[in-house]
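Take a look at the letters that make up each chain.
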Amino acid sequence: MCLTAHFIDDNWTLHKKILNFCQVADHKGETIGRQIETCLLDWGIERVFTVKVDNASSNDGVVFYLSKVVNNWNSAILGGQNMHLRCSAHILNLIVAEGLKE
């Protein structure tokens, strides 16, 4: 798993950083969520606005887990209600692939 952060600094400059690149034991939502939680804690990141993922069903569990964790930290932006952001490039790829099937 590759975990990246995109953020804007005090000067309104966009930054993109790879936070972690690691192997995950399985594809269960809670397992992945715990790995991301550990990484966020290691980096001292407490506020999370969105988590962008593809459409794998386990990612629903990942975002649900992370939403609970960040809410428990009392630092969820908008209560974590808009945390799950699906990757539009992946969705477009699925649409095109389905359209090209014979």
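The structure under discussion appears in the preceding block.
In this report, we go over the structure that sits alongside the text. (Residues numbered from 1 in each chain as written. Predicted model: local features only at pLDDT ≥ 70, side-chain atom pairs only at ≥ 80, totals over all residues. Heavy atoms only, no water.)

## A look at a nonpolar patch on the surface
Line of reasoning, step 1. Taken together, the side chains of Ile-91, Leu-92, Ile-95, Val-96 and Leu-100 define a hydrophobic patch exposed on the protein surface, amounting to about 480 Å² of accessible area.
Line of reasoning, step 2. Within the fold, Leu-100 resides in helix 3 (residues 88-100).
Line of reasoning, step 3. For Leu-100, a relative accessible area of 65% gives the class exposed. (Patch = residues over 30% accessible without salt bridge, like charges linked within 9 Å, V, L, I, M, F, W, Y side chains within 5 Å. Areas by Shrake-Rupley, 256 points an atom, 1.4 Å probe, with all protein chains shown as cover. Salt bridge = Lys/Arg side-chain N within 4 Å of Asp/Glu carboxyl O. Helix = DSSP H or I, 4+ residues; strand = E, 2+ residues; numbered from the N terminus. Buried < 20%, exposed > 50% of the residue type's maximum accessible area, 1.4 Å probe, protein only.)

## What about the environment of Ala-5?
Line of reasoning, step 1. Tracing the backbone through its elements, the reader meets Ala-5 in strand 1 (residues 2-8).
Line of reasoning, step 2. Separated by 13 residues in the primary sequence, Ala-5 and Ile-18 have C-alpha atoms spaced 6.4 Å apart.
Line of reasoning, step 3. Not counting chain neighbours up to four residues away, the residues in contact with Ala-5 comprise His-15, Lys-16, Lys-17 and Leu-19. (Contact = heavy atoms within 4.5 Å.)

## Thoughts on the nonpolar core
Line of reasoning, step 1. Grouped together as the largest cluster of nonpolar side chains are 16 residues, with contacts concentrated most on Leu-3, Leu-19, Ile-36, Val-48, Val-51, Val-62 and Leu-66.
Line of reasoning, step 2. If you list the elements that add at least two residues to this core, you get strand 1, helix 1 (29-43), strand 3 (51-53) and helix 2 (58-72).
Line of reasoning, step 3. Considering every element that reaches this core, the biggest residue donor is helix 2, with six residues.
Line of reasoning, step 4. Among residues more than four places away in sequence, those in contact with Leu-3 are Lys-17, Ile-18, Leu-19, Asn-20, Ile-36 and Cys-39. (Core = buried A, V, L, I, M, F, W, Y, C linked by side-chain atoms within 4.5 Å.)

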